[in-house]
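# A structural walkthrough
Here are the chains, one letter per residue:
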Amino acid sequence: ADPEGVNPTINFGPTFIGTKPVGLKVTDSFGKSAAQSVTVTTVAVSDLFPVGYELVTKLYNRRTGIWTVAWKVYIRNDGNGVATDVTAMLTPDSVPAGVTVLDGSVVWTILDNVIYPAETQLSDDEFRYSYPRTVGGPDLTQITWDIEFTDALGVRHVIRNVPQ
């Protein structure tokens, strides 16, 4: 592409990752010109974090006095690179006292197992836990997730996500 004008823009597209040479040629009103070239590098970053939860089930066993709940997780990619093979596990030391984790992991496999930039997806399965009936229930605001994914370059990452 050879954009022209006072503020030319070159866009390599959202999937470009790597290095490309870029040249700039300036011509004045007398026809004199000068050129300069540089190399630009675009880096893909996947910035994943949970943004919300969807209650799937909430059951109370009157005989045992135990609540059992299941939630799906909404995760968002605010980066500029795709994330694939995304999984998340509850960080064990962030689970509130009195809560028993029954299934502490979730996966995202819809849409070819890719979470694109600026996209939010709901997990395919749910995490489940139980707790005894108490006033107000456990404080779930401190739960963190260990999110694992593969970035656009094929590198596997694990990040700990802080509470929102």
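Residues numbered from 1 in each chain as written. Predicted model: local features only at pLDDT ≥ 70, side-chain atom pairs only at ≥ 80, totals over all residues. Heavy atoms only, no water.

For the rest of this paragraph, the subject is the overall build of the protein. On a plain count of helices and strands, the protein comes out with one helix and twelve strands. When the helices and strands of the protein are placed in sequence order, the string is β-β-β-β-β-β-β-α-β-β-β-β-β. Long-range pairs, those at least 24 residues apart, make up 58% of the contacts in the protein between residues at least 6 apart in sequence. As presented, the protein carries roughly 10500 Å² of accessible surface, and 54% of it is formed by carbon and sulfur atoms. (Helix = DSSP H or I, 4+ residues; strand = E, 2+ residues; numbered from the N terminus. Contact = heavy atoms within 4.5 Å. Areas by Shrake-Rupley, 256 points an atom, 1.4 Å probe, with all protein chains shown as cover.)

Another point: the pattern of salt bridges. Counted according to the given criterion, the structure contains three salt bridges. The salt bridge partner of Arg 160 is Asp 146, with a shortest N-O separation of 2.7 Å. Here Arg 160 is found in strand S12 (residues 156-161), whereas its partner Asp 146 is found in strand S11 (residues 145-150), with 14 residues between them in sequence. (Salt bridge = Lys/Arg side-chain N within 4 Å of Asp/Glu carboxyl O.)

Grouped together as the largest cluster of nonpolar side chains are 20 residues, with contacts concentrated most on Val 86, Trp 108, Trp 145 and Ile 147. Secondary structure elements with two or more residues in this core: strand S4 (66-77), strand S5 (83-90), strand S7 (105-108), strand S10 (127-132) and S11. For this core, the element with the most residues is S5, which contributes four residues. (Core = buried A, V, L, I, M, F, W, Y, C linked by side-chain atoms within 4.5 Å. Buried < 20%, exposed > 50% of the residue type's maximum accessible area, 1.4 Å probe, protein only.)

This part takes up the packing of aromatic side chains. This structure, assessed with the given rule, holds six aromatic pairs. Look at Tyr 53 and Trp 71: their rings are 6.4 Å apart centre to centre, the planes differ by 80°, and that puts the pair in the edge-to-face class. Note that Tyr 53 is positioned in strand S3 (residues 48-61) and Trp 71 in strand S4, a separation of 18 residues in sequence. Trp 71 gets classed as partly exposed once you look at its relative accessible area, which sits at 21%. Aromatic side chains Tyr 53 and Phe 127 sit 6.2 Å apart centroid to centroid with 75° between the ring planes, which places their arrangement in the edge-to-face category. (Phe/Tyr/Trp six-rings, centres within 6.5 Å; stacked < 30°, edge-to-face > 60°.)

The two faces of a sheet get side chains in turn, since along a regular strand they alternate between them. Residues Val 106 and Trp 108 point to one face of S7 and are all buried, whereas Ser 105 and Val 107, pointing to the other face, are not buried. Sheet topology note: the S5/S7 ladder contains four bridges and is antiparallel. Paired with Thr 87 across the strands is Val 107, a residue of S7. (Pairing = 2+ DSSP bridges.)

The next subject is the confidence of the model for the protein. The predicted model of the protein averages 83 in pLDDT, with 87% of residues at 70 or higher. Of all helices and strands in the protein, the one with the weakest mean pLDDT is strand S1 (residues 18-27) (74), whereas strand S6 (residues 100-103) scores best (95). (pLDDT = per-residue confidence, 0-100.)

Phi is positive for Asp 85, close to 50°, though the residue is something other than glycine. Within the fold, Asp 85 resides in strand S5. Of note in the backbone geometry, Ala 118 takes a positive phi value of approximately 65° without being a glycine. Among the secondary structure elements, Ala 118 is positioned in the loop between strand S8 (114-115) and strand S9 (119-122).

Once that is clear, we can look at the environment of Ile 143. Along the chain, Ile 143 turns up in the loop between S10 and S11. When its relative accessible area of 11% is taken as the criterion, Ile 143 is described as buried.

This brings us to the side chain of Thr 144. Inspection of the secondary structure puts Thr 144 in the loop between S10 and S11. The class for Thr 144 is buried, based on a relative accessible area of 10%. A polar atom in the side chain of Thr 144 sits 2.9 Å from the side chain of Thr 91. (Polar contact = N/O pair within 3.5 Å; in protein donor to acceptor, adjacent residues only side chain to side chain.)

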